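Descriptive analysis of the structure
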Amino acid sequence: MEDERSFSDICGGRLALQRRYYSPSCREFCLSCPRLSLRSLTAVTCTVWLAAYGLFTLCENSMILSAAIFITLLGLLGYLHFVKIDQETLLIIDSLGIQMTSSYASGKESTTFIEMGKVKDIVINEAIYMKVIYYLCILLKDPVEPHRISQVVPVFQPQVTPEVMGDREDRQQVFGVPYEQAKTQAR
């Protein structure tokens, strides 16, 4: 079974969330972002190159133009390879664990696997980033003291609004048991 919903991120961009249910104990959530906008790419490139041309006319040094082109290309490659995420996937297998995969605009993929026995709880965390933003996090148990938290792992990019993955039904699905029972088991 599969369903798809559309949301907007905190900046107003469109996000698509696909939910795939392979079996009662195996589900996948896939969050897709729009591709890089040619308009924004052109605007940034023109701004950098116009500023470089302005400096060139003042200094009459052609190294400034060469440096602007070089910096623009390196910046674009860095942005595509390390920052711009096109798709994020969360695969949950109840008895095994949670696999998180991020696909970047350059084609790079980053995958993280968390064993289900290490999961203490899943919560909506809030952070202040010029305004309050909310994002889904997995709390991992401390191996020495199981009642303590050892690490907080963000799920999906922080610009996602709370309604994308933060309702009780989805938290229940991550644990595979009713929400109240999941809270009791996590403690």
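Analysis parameters
- Residues numbered from 1 in each chain as written.
- Predicted model: local features only at pLDDT ≥ 70, side-chain atom pairs only at ≥ 80, totals over all residues.
- Heavy atoms only, no water.
- UniProt positions renumbered as here; feature names shortened; annotations may be inferred.
- Core = buried A, V, L, I, M, F, W, Y, C linked by side-chain atoms within 4.5 Å.
- Buried < 20%, exposed > 50% of the residue type's maximum accessible area, 1.4 Å probe, protein only.
- Helix = DSSP H or I, 4+ residues; strand = E, 2+ residues; numbered from the N terminus.
- Contact = heavy atoms within 4.5 Å.
- Patch = residues over 30% accessible without salt bridge, like charges linked within 9 Å, V, L, I, M, F, W, Y side chains within 5 Å.
- Areas by Shrake-Rupley, 256 points an atom, 1.4 Å probe, with all protein chains shown as cover.
- Salt bridge = Lys/Arg side-chain N within 4 Å of Asp/Glu carboxyl O.
- pLDDT = per-residue confidence, 0-100.

An unreviewed UniProt entry lists the protein chain under the name Phosphatidylinositol glycan anchor biosynthesis class H, with Macaca mulatta as the source organism. Quoted straight from UniProt, the Sequence similarities (unreviewed entry) entry for the protein chain says "Belongs to the PIGH family." The UniProt entry for the protein chain carries this comment under Pathway (unreviewed entry): "Glycolipid biosynthesis; glycosylphosphatidylinositol-anchor biosynthesis."

Observations concerning the nonpolar core
What tends to happen in soluble globular proteins is that the nonpolar side chains get buried as a cluster. Judged by nonpolar contacts, the single largest core of 20 residues is most densely connected at L90, I98, M100, I114, I138 and V155. Sorting elements by how many residues they give to this core places strand β8 (residues 132-141) first, with three residues. What I114 contacts, discounting residues up to four positions off in sequence, is L96, G97, I98, M100, V119, I138, L140 and V153.

Description of a nonpolar patch on the surface
A cluster of nonpolar side chains, namely V44, V48, W49, I69 and L73, defines an oily patch on the protein surface of about 440 Å² accessible area. Counting residues per element, the ones that place at least two in the nonpolar patch are α1 (38-59) and α2 (62-83). Sorting elements by how many residues they give to the nonpolar patch places α1 first, with three residues. Secondary-structure assignment places L73 in helix α2.

Comments concerning the UniProt feature "transmembrane region" (unreviewed entry) in the protein chain
Look at the UniProt record and you will see "transmembrane region" (unreviewed entry) annotated at residues 36-56 and 62-82. Within the segment residues 36-56, helix and strand shares are 90% and 0% respectively, and the terminal C-alpha atoms sit 30 Å apart. The distance from the first to the last C-alpha atom of residues 62-82 is 30 Å, and the span holds 100% helix and 0% strand.

Considerations on the confidence of the model for the protein chain
Summing up the model confidence of the protein chain, the mean pLDDT is 81 and the portion of residues at 70 or higher is 84%. Mean pLDDT across the elements of the protein chain ranges from a minimum in helix α4 (residues 179-186), with 44, to a maximum in strand β6 (residues 109-115), with 94. Note that residues 174-187 has pLDDT below 50 and, in this model, 24 contacts with residues that lie over four places away or in other chains.

What to know about the pattern of salt bridges
Summed over the entire model, instances satisfying the criterion amount to five salt bridges. Taking the shortest distance from any N to any O, the salt bridge between R20 and E28 comes out at 2.9 Å. We classify E28 as buried; its relative accessible area is 13%. The partner of D86 in a salt bridge is R35, and the shortest N-O contact between them spans 2.5 Å. Of this pair, D86 sits in strand β4 (residues 85-93) while R35 sits in the loop between β3 (26-32) and α1, placing them 51 residues apart in sequence. The exposure class assigned to D86 is buried, which follows from its relative accessible area of 9%. Salt bridges sharing partners connect three or more residues here, namely E2, R20 and E28.

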